[in-house]
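Structural features, examined
Okay, here's what each chain looks like letter by letter:
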Amino acid sequence: QVQLVESGGGLVQPGGSLRLSCAASGSIISINHMGWYRQTPGKSRELVAGITSGRSTNYGDSVKGRFTIFRDNALNTVHLQMNSLKPEDTAVYYCNLVVVQVVGGPAYSYWGQGTQVTVSS
């Protein structure tokens, strides 16, 4: 089993910054893909940013140029640096990791518990 622990959410004023972190522990051989998603009430979960094992990144259109995703493979951790935050960034943010737990075995998707980000003056 794999456990994900998220941290770094909170309340910030428009234009401010936050860094989210997601640390994985448990039976992990490798992590193929790491991503951050967000969700607001009544809407489906959307991709914010993703990073592959080769460190290729992709971002949702609304956060390009403001958010940066990066990973620390040694610590099985992924971070999301969020700058120039806007009220419309307010959401619950979830990390998602695609994990290989057995050599040569399949990869499984795991979700964090979610962390609230509120951008408001």
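Below: a short report on this structure. Not measured: the values here are computed from a predicted model.

**Brief notes about the overall build of the chain**
Summing up its helical and strand segments, the chain has 0 helices and 11 strands in all. Across the chain, helices and strands are ordered from the amino to the carboxyl terminus as β-β-β-β-β-β-β-β-β-β-β. Taken along the three principal axes of its C-alpha coordinates, the chain extends 50 × 25 × 25 Å. In the chain, which comprises 121 residues, the share counted as buried stands at 41%. The contacts of the chain with a sequence gap of at least 6 include a subset with a gap of at least 24, amounting to 56%. Entry remark: accessible area of the chain is about 6,100 Å², with carbon and sulfur atoms responsible for 51%. In the chain, which carries 9 positive and 6 negative side-chain charges, the distance between the mean positions of the two groups comes to 3 Å.

**Thoughts on the pairing of strand E7 (residues 67–72)**
On E7, burial follows the alternation: Phe-67, Ile-69 and Arg-71 on one face are buried, whereas Thr-68, Phe-70 and Asp-72 on the facing-out side are not. Of the pairings in the sheet, the one linking E7 to strand E8 (residues 77–82) comprises 6 bridges and is antiparallel in character. Residue Asp-72 lies in a different strand from E8, and its bridge partner there is Thr-77. The antiparallel pairing of E7 with E8 creates a hairpin that spans 4 residues between the two strands, and Asn-76 there sits at a positive phi of about 50°.

Conventions we followed
Residues numbered from 1 in each chain as written. Predicted model: local features only at pLDDT ≥ 70, side-chain atom pairs only at ≥ 80, totals over all residues. Heavy atoms only, no water. Helix = DSSP H or I, 4+ residues; strand = E, 2+ residues; numbered from the N terminus. Buried < 20%, exposed > 50% of the residue type's maximum accessible area, 1.4 Å probe, protein only. Contact = heavy atoms within 4.5 Å. Areas by Shrake-Rupley, 256 points an atom, 1.4 Å probe, with all protein chains shown as cover. Lys, Arg positive; Asp, Glu negative; His and termini not counted. Charge placed at Lys NZ, Arg CZ, Asp CG, Glu CD. Pairing = 2+ DSSP bridges.

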